[in-house]
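Residue-level structural notes
As a plain string of letters, each chain reads:
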Amino acid sequence: MNKKYNAIHKLTDNPFLNLYQMDALDTKGKPFCYYFASRNDAEHIKIRTKSIQPEGIVIYAVTAEEEPRLVLIRQYRYPVDAFLYELPAGLVDHEETPGMAAAREMKEETGLDFTEYTGGRECYRRPYFMGPGFTDETSATVFGTVSGSISDAFVEDTEEIQVVLADRERVRQILTDERVSMRGAYLMMHFLNGKEPFAFLEA
């Protein structure tokens, strides 16, 4: 493969997310500037490590009922100044597994207790790139069930979250009428496809 860039420069110094500039080369070798965001420091951006280790997780969780409901959150998102429907999600802390991160994030965002479901094909749990046109971030999906009571006692002051336990009719209405995150939407579509909420993991 032809050389695609000459150098990478870290332009910001933020503890959560940073902007990088690549001295990139087009298909004819002509230089141009390309910008991307990363949660990683300059030594650990994925263009250097070639890792797909997930920075984050999204949680597909259902209630343990005869007619399961999907755990959704309606969260205020600053970049769009609006509430979006999403699945609970968050970052994987140092030395956490995705399952450990899911249990912690579920408790923080909803107050519910999370039990990981490990059935089905492992390929659905591997990390995938979020938006490679602008970030090197990867995220893994964790599946499971919830129990306990909804509580906002653990929600951070910078987060405004409403918990929604949605049956299939409500999920269909949300997908039809509401603002929804992309990864949330795709997992909500799987929830609608059949009575058994984890059946698609066997496909």
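One can find the structure itself at the top, above this paragraph.
Keep in mind the model is a prediction, meaning the values are calculated, not measured.

1. Describing the pairing of strand β6 (residues 82-86)
The buried fraction of β6 amounts to 4 of the 5 residues, a majority that puts the element mostly inside the structure. With antiparallel pairing between neighbouring strands as the criterion, strand β5 (residues 70-77) and β6 make up a hairpin whose turn holds 4 residues, including aspartate 81 at a positive phi of roughly 50°.

2. Overview of the environment of methionine 22
For methionine 22, the location among the structural elements is in strand β2 (residues 18-25). In sequence terms methionine 22 and glycine 184 are 162 residues apart; their C-alpha atoms lie 31 Å from each other. When sequence neighbours within four positions are dropped, the list of residues in contact with methionine 22 reads Tyr5, Ala7, Ile8, Phe32, Cys33, Tyr34, Phe36 and Ile47.

3. Remarks on the pattern of salt bridges
Applying the stated criterion to the full structure yields 11 salt bridges. With its nearest N and O atoms 2.8 Å apart, the salt bridge here joins arginine 104 to glutamate 96. With its nearest N and O atoms 3.5 Å apart, the salt bridge here joins arginine 104 to glutamate 108. Taken together, the residues arginine 104 and glutamate 108, both in helix α2 (residues 98-110) and 4 residues apart, mark about one turn of the helix.

4. Observations concerning the packing of aromatic side chains
Enumeration according to the criterion identifies 9 aromatic pairs in this entry. Measuring from centroid to centroid gives 5.7 Å for tyrosine 76 and phenylalanine 83, while their planes differ by 70°, and the two rings are edge-to-face. Their ring planes at 70° and their centres at 6.0 Å tell us that phenylalanine 143 and phenylalanine 200 sit as a pair that is edge-to-face. Of this pair, phenylalanine 143 sits in strand β10 (residues 138-147) while phenylalanine 200 sits in the segment after α4 (182-192), and the two are 57 residues apart along the sequence. Neither phenylalanine 143 nor phenylalanine 200 differs from the other in exposure class; each is buried. Clustering of aromatic rings is evident, with ring pairs tying together Tyr60, Tyr117, Phe143, Phe198 and Phe200. Between the NZ or CZ atom of arginine 168 and the centre of the ring of phenylalanine 191, over which it lies, the distance is 4.5 Å.

Basis of the calculations
Residues numbered from 1 in each chain as written. Predicted model: local features only at pLDDT ≥ 70, side-chain atom pairs only at ≥ 80, totals over all residues. Heavy atoms only, no water. Buried < 20%, exposed > 50% of the residue type's maximum accessible area, 1.4 Å probe, protein only. Helix = DSSP H or I, 4+ residues; strand = E, 2+ residues; numbered from the N terminus. Pairing = 2+ DSSP bridges. Contact = heavy atoms within 4.5 Å. Salt bridge = Lys/Arg side-chain N within 4 Å of Asp/Glu carboxyl O. Phe/Tyr/Trp six-rings, centres within 6.5 Å; stacked < 30°, edge-to-face > 60°. Lys NZ or Arg CZ within 6 Å of the ring centre and 35° of its normal.

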